[in-house]
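# Summary of structural features
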Amino acid sequence: MSDFPTIPLQQYHEYPLEEMRRRLKDFYDDLNRRRTVREFSDRPVPRDLIETALQAANTAPSGANLQPWHFAVVSGPQTKQKIRAAAEDEEREFYAHRASDEWLEALAPLGTDEHKPFLETAPYLIAVFLKKFGELEDGRKVKHYYPAESTGLATGMLITALHHAGLATLTHTPSPMKFLNEILGRPKSERPFLLLVVGYPAEDARVPDIARKPLEEYTSFIED
Ligand SMILES: Cc1cc2nc3c(=O)[nH]c(=O)nc-3n(C[C@H](O)[C@H](O)[C@H](O)COP(=O)(O)O)c2cc1C
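Overview of the structure. (Residues numbered from 1 in each chain as written. Predicted model: local features only at pLDDT ≥ 70, side-chain atom pairs only at ≥ 80, totals over all residues. Heavy atoms only, no water.)

## Observations concerning the packing of aromatic side chains
Summed over the entire model, instances satisfying the criterion amount to two aromatic pairs. Plain terms: the ring middles of Phe94 and Tyr95 are 5.1 Å apart, the flat faces sit at 90° to each other, and that makes the pair edge-to-face. In this pair, the class of Phe94 matches that of Tyr95, namely buried. Put simply, the rings of Phe94, Tyr95 and Trp103 pair up and form one aromatic cluster. (Phe/Tyr/Trp six-rings, centres within 6.5 Å; stacked < 30°, edge-to-face > 60°. Buried < 20%, exposed > 50% of the residue type's maximum accessible area, 1.4 Å probe, protein only.)

And the structure:
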């Protein structure tokens, strides 16, 4: 047995089978209503909602419990304007030169282009950073294990929590995203992971008419 302290698993909760089915179905139905929104309202969102959603994200499992993520929450118009200008510069290059024809073809149904007005309209931008390694106060480095997997899980939980609260998100990945370190004053040990746009959808928001694959296309059950 390890010498490290343990506590009883007090918070685990088992439900009767029928209740499990209902809870899961309700949860799935709710998640299935989530869509990536690209037209946002400028209606304000109270900061406590964002803080609770971030706490939900921070419950994600992480390699060796090192929680290798940082969330830079932007609501100020000047910083949003800087981010929009830098993102549109990168995206202009991306759509005109950097993206392969194959990539542009895959993006076509989404109707995206280099214009990113939502980066100023939406009340919150959450820049998610992956911490490649930790740094102790004396400057020594702490190795992180599976930082990409961990940060991906935390981000998924953040998107889920915000959706659960009735907010819309856009997972945005201007390519490349290095400018976020500079604008947001984040150290080189952090890699920009993605930029989450958060708010209420615009009243007349529309979304691409695309579908999700059926279960049997993305799942295999091995039962022997
Ligand atoms: C890692 C990742 C990067 C994405 N980058 C962008 C992006 O830069 N711009 C954008 O408009 N949508 C982006 N999306 C959103 C996807 O296009 C969207 O999730 C997908 O089309 C499915 O639509 P849905 O989220 O409404 O189900 C990204 C999604 C993921 C997971």
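From this point, things continue past the structure.
## Points about the pairing of strand 6 (residues 190–199)
For strand 6, a buried count of nine out of ten residues is recorded, marking the element as mostly surrounded by other parts of the structure. Relative to strand 6, strand 2 (residues 124–131) runs antiparallel, the two sharing eight bridges. If you follow Val128 over to strand 6, its bridge partner there is Leu194. In terms of strand pairing, strand 5 (residues 168–172) meets strand 6 through five bridges, oriented antiparallel. Among the inter-strand pairings, Ala168 is bridged to a residue of strand 6, identified as Gly199. (Helix = DSSP H or I, 4+ residues; strand = E, 2+ residues; numbered from the N terminus. Pairing = 2+ DSSP bridges.)

## Here we look at the pattern of salt bridges
Using the criterion set out here, one finds 13 salt bridges in the structure. Between Asp26 and Arg22 there is a salt bridge, and its shortest N-O distance comes to 3.5 Å. You can see Asp26 and its partner Arg22 sitting in helix 1 (residues 17–32), four residues apart, about one turn around the helix. In this structure Asp26 comes out as partly exposed when scored by relative accessible area, which is 42%. Note on Arg22: relative accessible area 46%, which makes it partly exposed. (Salt bridge = Lys/Arg side-chain N within 4 Å of Asp/Glu carboxyl O.)

## Here's the deal with the site of the ligand
Every residue lining the ligand is accounted for by Arg34, Arg35, Thr36, Arg38, Leu110, Thr112, Leu170, Thr171, His172, Thr173, Ile210 and Arg212. Residue Arg34 places a side-chain N or O atom 2.9 Å away from an oxygen atom belonging to the ligand. A distance of 2.6 Å separates an oxygen atom of the ligand from a polar side-chain atom of Arg38. Starting from 620 Å² of accessible surface for the ligand in isolation, the protein chains cover 66%. Per-class residue counts for the shell around the ligand are three nonpolar, five polar and four charged. (Near = heavy atom within 4 Å. Polar contact = N/O pair within 3.5 Å; in protein donor to acceptor, adjacent residues only side chain to side chain. Areas by Shrake-Rupley, 256 points an atom, 1.4 Å probe, with all protein chains shown as cover. Nonpolar A, V, L, I, M, F, W, Y, C, P; charged D, E, K, R; others polar.)

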